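# Survey of secondary and tertiary structure
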Amino acid sequence: MKKKLYSEAIYRLLIIVIAVFSALFVGAILLLIAKANPLTAYYVMFTEPLSGKFGLTEILVRAAPLMLVGLGIAISFRSGILNIGGEGQILIGAVFGAFIALTFPDLPPYILLPLVFIASFIGGAIWGGIAGWMKAYLSVNEILSTIMLNYIAFQVYMFLIRGPMIDPKEVAYGTGVPQTALLSKNAWLVRIIPASRLHAGIIIAVVLAILVYIFLWKTTIGYKLRAAGAEAKAAKYIGVNVKNYLVLAMLLSGGFAGMAGAIEVCGVHHRALESISAGYGFSGIVVALFGGLHPLGIIPASAVFGLLIVGADMMQRSVTVPASIILAIQGLIILAIVSSQIFFSNIGLKEKIMIKLKLMKSGDKDDT
Amino acid sequence: MILDFIIGIISAGIPLAAPLLLAGLGEMFNQRAGVFNLGVEGIMLMGAFVGFLVVLIVGSPILGLLAAIAVGALMGLLMAVVSVKFKAQQGISGIGLFMLGWGLSGTLFRVYIGGVTSITGIKPFSFPLLGKIPVIGEIFFQNNILVYIAFLLVPISWYVLNKTAWGLKVRAVGTNPQAADTLGIKVERIRFQCIILGSMMAGLAGAYLTIAQTHIFADNITAGRGFIAVALVYFGRWKPVGIMWGTLLFSLAHALQRSIQVYGINFPYEIAIIIPYLLVIVVLALSYKSQLLGPVALGKPFIRGSRE
Amino acid sequence: MSEIISKLEMKKITKKFPGVLACNNIDIYLKSGEILALLGENGAGKTTLMNVLFGLYQPEHGEIFINDKKVIINSPRTAFSYGIGMVHQHFMLVPNLTVLENVALGLTSKNIFKLDLNKVRKRIEEVSKEYGLSVNPDAYIWQLSVGEQQRVELIKVLCLGANLLILDEPTAALTPQETDELIVLLKQMAEKGRSVIFISHKLNEVKAVSNRVCVLRNGSLVYEGKTRKHSVATLAEKMAGREISMPALNEKSQANSPILEIKNVFAKGNMGTMALDGLSLTVSKGEIVGIAGVSGNGQKELADVINGISHIQSGKILLNSKNITNLSPQHIINKGMGYIPEDRMHEGTIPSFSVKENIIMKDYNKTPLSKKMFLQDKIIEKYSQKLISNFDIKCPDNKTSCASLSGGNVQKVILARELSRKPKMLIAAYPIRGLDLGAAEYVHEQLLEARSENIGILLISEELDELLDICDRIAVIYEGKILDILDRDIATKTKLGLLMAGIKNEKKAI
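Residues numbered from 1 in each chain as written. Chains lettered and ligands numbered in written order. Predicted model: local features only at pLDDT ≥ 70, side-chain atom pairs only at ≥ 80, totals over all residues.

## Let's talk about the overall build of chain A
Along its length, chain A carries 16 helices and zero strands. Against the compact-globule benchmark of 21 Å for 368 residues, chain A has a radius of gyration of 22 Å, which places it among compact chains. Summarising its shape, the C-alpha atoms of chain A cover approximately 80 × 55 × 35 Å along the three principal directions. Within the span of chain A, comprising 368 residues, buried residues form 55% of the whole. Within chain A, counting contacts between residues at least 6 apart in sequence, those at least 24 apart form 76% of the total. (Helix = DSSP H or I, 4+ residues; strand = E, 2+ residues; numbered from the N terminus. Rg over C-alpha atoms; globule rule 2.2 N^0.38 Å. Buried ≥ 20, exposed ≤ 12 C-beta atoms within 10 Å, placed from the backbone. Contact = placed C-beta atoms within 7 Å.)

## Focus on the interface of chain A and chain B
By a widely used convention, the size of an interface equals the accessible area lost when the partners come together. If you look at the interface, chain A gives 40 residues, while chain B gives 40 residues. Put simply, the parts of the chain that give the side of chain A that touches chain B at least two residues each are helix 1 (2-33), helix 5 (109-138), helix 6 (142-162), helix 12 (280-290) and helix 14 (325-340) of chain A. Residue composition of the side of chain A that touches chain B, grouped by class: 29 nonpolar, 10 polar and one charged. (Nonpolar A, V, L, I, M, F, W, Y, C, P; charged D, E, K, R; others polar.)

## What about the nonpolar core?
Membership of the largest hydrophobic core comes to 392 residues, with the highest contact counts inside it found for A:Leu68, A:Ile334 and B:Ala231. Contact partners of A:Leu68, with chain neighbours within four places excluded, come to A:Ala205, A:Leu208, A:Phe256, A:Ala257, A:Met259, A:Ala260 and A:Ile263. (Core = buried A, V, L, I, M, F, W, Y, C linked by C-beta atoms within 7 Å.)

## Examining the interface of chain B and chain C
Opposite the 20 residues of chain B that make contact, chain C presents 24 residues. Of all the secondary-structure elements, those providing two or more residues to the side of chain B that touches chain C are helix 7 (165-175) and helix 8 (177-182) of chain B. Here the side of chain B that touches chain C gets seven residues from one element, more than from any other, and that element is helix 7 of chain B. Class assignment for the residues of the side of chain B that touches chain C results in eight nonpolar, seven polar and five charged.

## Some points on the environment of B:Ala172
All names here are of chain B. Within the secondary structure, alanine 172 is located in helix 7. Among the residues examined, alanine 172 registers 29 C-beta atoms within 10 Å and is labelled buried. Residues alanine 172 and isoleucine 185 lie 13 residues apart in sequence; the distance between their C-alpha atoms is 9.3 Å.

## Notes on the confidence of the model for chain B
Taken as a whole, chain B shows an average pLDDT of 87; of its residues, 94% reach a score of 70 or greater. Here the predicted complex carries an ipTM of 0.91, next to a pTM of 0.86. (pLDDT = per-residue confidence, 0-100.)

## Details of the pairing of strand 13 (residues 288-292) of chain C
All names here are of chain C. With five of five residues buried, strand 13 is to be regarded as a mostly interior element. Pairing of strand 13 with strand 20 (residues 456-461), which is carried by five bridges, proceeds in the parallel orientation. Counterpart to alanine 292 in the pairing with strand 20 is serine 461. Summarising the sheet, strand 13 and strand 21 (residues 473-478) pair through four bridges and their orientation is parallel. Its bridge partner lying in strand 21, valine 289 is registered against arginine 473. (Pairing = 2+ DSSP bridges.)

## With respect to the environment of B:Leu21
All names here are of chain B. For leucine 21, the location among the structural elements is in helix 1 (residues 2-32). Classification of leucine 21 as buried rests on a count of 31 C-beta atoms within 10 Å. Taking C-alpha positions, leucine 21 is 22 Å from alanine 272, a pair spaced 251 residues apart along the chain. Excluding its chain neighbours within four sequence positions, the residues that come into contact with leucine 21 are Ala150, Phe151, Met244 and Thr247.

## Regarding the pairing of strand 16 (residues 337-340) of chain C
Residue and element names in this part refer to chain C. A two-sided burial pattern is seen for strand 16, the buried positions comprising Met337 and Tyr339 on one face and Gly338 and Ile340 on the other. Sheet analysis places strand 16 next to strand 19 (residues 425-429), joined by four bridges and oriented parallel. Directly across from methionine 337, in strand 19, lies its bridge partner methionine 425.

Okay, here's the thing in C-alpha cells:
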C-alpha cells in the first residue's frame, strides 16, 4: 500500500513539473519575440531576487496579498464557484478600509487596524457576494459577472480617489494625483525588517492561511462548503443548502481579496492610490491553482509567484524586457496546469502512463 | 436639437458595434459547437496589437488585418488544444488565454513601439449615392468598410449555420455530440474548426479597434469588450440576429455614455463609463431563462462512450 | 449502398474496462433474414458487445467477419459503410433539429457546404413507403413522442443504408400497441432479407419476435439456440442463474411489527407519466423484503420517494408509524432511515473526499464527531479506523479519496457508514451490482446481520438469485405497482421471471 502512495506522489510531481516546464518553454519563445535572451532573462528572474535583502523582503511583500487573494480563490473554487473578481474586490476592500482609517485617524492601532481590516473584508465580501447571489439564484455565469464587476469597481474606485476621497494636499497643490491622503500612523502596519518594505501583513496572511485550513477542513461549515462544491447531489441529500453555500463562498472569497486591499493600503503604500491592485486579482488565481487549492500549498506558492513578480521587475531593469511579460507567463502556467488535470482525472490514461514509467506493475490491482 | 442628438448617438453607435459583432459572431460558432472561449479578450488584444504593428511597419491595412486574423488563428489553436484535446475546464483556460494575450500585447507594445504613435489605417467613407440620403445616409452609410463587413457577416453567419452541411454538424455537435459521433461526424474536429474560426474573428475584431476605430494602440485598449461579446452571445440566444441587436443595444449605450462627456452634462465621468458593464450584468441576470435553450453540451468536453 | 450482409460472425470478442471484464470471449453469428435476440441482465455485456460491433468500442481481442471477410470496425461511420446500423437505448437524436436535419446529418457527413435537404426528404419518403413508417420530416425532435422518436431512429438508420439493424432495448419506453407494431415491422424487415439483433430482457417479446437467442451472463455467452425450443420460464432461468454459494437465510423471521409502510403511493416520473401507480408495500422489523423487476418499472422512483429525494402526488409513507411522506432527506435520515443508493459515486459518496470524510457524511455535525461546529479529529480518526477494520475496507489509508477505491470498497464505505448508524430501516438499491463475488458475499453477510438485529431491509435488485438467497419475501414491481409478493418458500426463478414480464397466474408455462 505504501508503495502505491509513493508512486502516486511521483506521478503527480512529474506531471506538474512537465506542465510548468512547458509553460516556461513557451515563455522562452515569447521572450525571444520580445527581443530578449531567454536564458539571461530567466536567470535574472529566478535568482536575482534571492540575492539580497531587498529582493528577499520584496518577495514577501508581494507574497502577502497574493496569499490572501489565493486563499479566497481556493475557498471559492472548492465550493464550486470560480471567482475571477479579485481585482475589483481588492479595490473595494481598499477603499472601504481607507475610508475607516481616514475617518478615525486617532484611534489607537490595536483598535483601528482590526476595524480597517474588517471594513475591507466587508467591502470585498459585498462585491463578491453580488456575483455569488446572481450565480446561486439566477444561474448567471460567475466568471462574466465577476469580470464585469472588476471594471465597475475600477471606475468606482477611481471616482472616489479622484473626487470625494482625494488627498486635500493634491487639491491644494493642484497636482491632481488620484490618491487619498496619507493615513495616520495608527493605521500603518509595522515594518518588520528595518529599511525594507516588509511589513506585518505577511504574518497576518500566514496566520489567516492556517485559519482557512482549519475552517475548511476542521469545521462543519467548511465540510459543507467543500461538499457542495465537490458533489452537489450528495450534498443536497445530506441537507446542505447548496445555493446559500455558493453565496457564502463568494462572500468569504471576496472578503479575503478585500483584506488584500487592506494589506496594501496599511502595509505598503499607507494610502489608497491608483494601481493598488497591481494585478494581484489575477495572479492570485495562478497562486491558488499552483498551490493545489490548499492553504498549506498556497503559502509556498505565493512566495514562488512573489519571486516571479519581483524577478520580472528586476529583469525589466537589467534585460529591458517589460515586466508585463510575467502576466503572459502566468497565463501560460494556468493553461499548463488546467491541461494537466486530465492526467489525474482520466484513470485509464493515468494507468497507461504509470505502467510505461514502470511505476506500477501491469495488472497490479490488489483490491478489485 | 434633440433629433441631432439622437442621430449623433445612432451614427456613433453603429461603428462602435462592429468589433463586438465580429467577436460575438465568432464566439457564437464556438458556443454552438459546445465550447466556451473566455479568452476572446486576450485574442482581441493581440489582434489589436499585431494589426497595428503591421500597419505601422508595412503601411498596408489589409496586411494588418490579415496578420491579426493569423494571430487569432494561432491563439485559437492553442485554446482548441487545451479545451478539446486536454479537455481542460473551459472557464479557467479562457482566463489563462486572456492573461497571455493581455500580458504579451502589453509587453510587445512597449518593446516594439514604446510611445503613443498613430497610423492612418482605415477611414470611413461615404457610400456612393446612399451616403447622401439625408438622415439615413448620415447614420448608416458613412462608415468604414469593416463596419459593413461586420454587419454583412450577420446574414452570412445565419446562412452558414442554418443552411450548410457544416453548420448542421456544428449545431448537432453542440447539443448532442454523442449522436453526432454515431453518425460519423468528427466531434473534435468540428470543435477545433469553430474555435479557430471564432478566434480569427476575434483577432479581426481587435484589429478593428486599432486600425479602423482609434488608429492608436494602448494597453488594454479592449477594456472588456471580449467578455462583453461572450455575454452578448447568451443575450442573443446564440442566434446571429439576436447577437446583432445585443451589440447595437450596447453600443448605443456606449455612445450615449460618451456623448454625456462631450456635451458636458454634469455627470461624473467614471460613473458614465460603468454603464456598459452594468448593462451586461443586468442582461445576464435577465437572460437566465434562456440558458435552457442554449447548446446543451456547452462547456462539457466530449468523451466517446462516456456512460453519463 | 453496401452489399447485403448475408453472414455476420463475431469471434472470441473480449472487451475490458478499468476494473471490469465486460465481454469475455464471446462468439455470435447471424444470417440474413434472421432476428437474433441478445438476452441478459443489466451489466451482462449485451450493449457493450453491440457497441463493439457498431464501432464505438474497440475490443481487446477477437475478430469480426462479414460475408466471410475479416473487417475492422473502428468507428460508427465504418459500421454504416458495412451496412450495420444501431438504434440505441437512449436515442441518438439532436432535439433542437428537425427529423429531416437529423437524417441529413448522416447523409451529408462528407460535405461542407452543400446541404441538399430535398434529396434527403425524397429518401425519407422512399423508406417510409417501403416499411410503412410515417413521420413528419419537418417536426422538431423535441416535439415528438418516444414512439415517434424511435420511428425516426429506425428511418434514419434505414436511410443510411443499414441492412443489419441492432436494436438496444427498443421496447423499453413503448406502449403495448407500439411494441406490437414494432414486432410486425421487424418481421417484415427480416422477410425482405435484412437481419436484426434485438437486445432485451423482456422475455415475452424475445419469444414473439426472434428466431434465435443468445443469453449473456456476466460478460460470457452461456447459451445459444433456437427460440422456439424454449419456454419463457427456461429462458428466465438461463438469464439469471448464478452458481455460487451465497450466504443463505436460515431461520424464518418472526412476524414482527411493521417498520416501513408504503400506502397507495402515486408519483410522477421523468417522462411525466406515473412512475409509481398505486404502490403499496409493508416491511416488518427484522425482515428482508426484495423488490424484483426489470429496470424501469419504478424502482428508482420508489427509492427516491422513500428517502425524500422526490415528492409523491398522493399516498402515504410511514416509518415506525410516523408519517415521513414528502419530508426532506435529512429529516428522514434523522428519523432512522438508512440508504445504500444505486448511484454510489454521486449520491452515496463524495468521490473526491477521503474515506474518512465519507464515513462521517451523515453524522459530521452531531456529537461526538463534532462539538459546536468543530470536527473532533481524534474521535473521527478512531471512528473511521474502527469501521475500516470492522468492514475490511481495503484502502492505502483513511485519507485516500473514494474515487480511487474499487467498486466493492466504495460499497463497503457506504455499508460501514449506514450500518453503524444503527438505522431502523435500510433501503439497499442494487447493492451488489458491479461487484465481484467476494465483495457481493460480504454485502449479503452484512445485510443478514442487520436483519438479525431487527432492522427492516428493502432490497431492490434484478438478480433473482440474490433475492432468492436472502429475502424473506419477494415483491415483484411491474409498471409502478406491486404485482405480487411471494414468500420465500414458494418463490422460484420461474415464477419470478413470469411476474417480472408482467404475467400473473399462468397456469402453464408457454
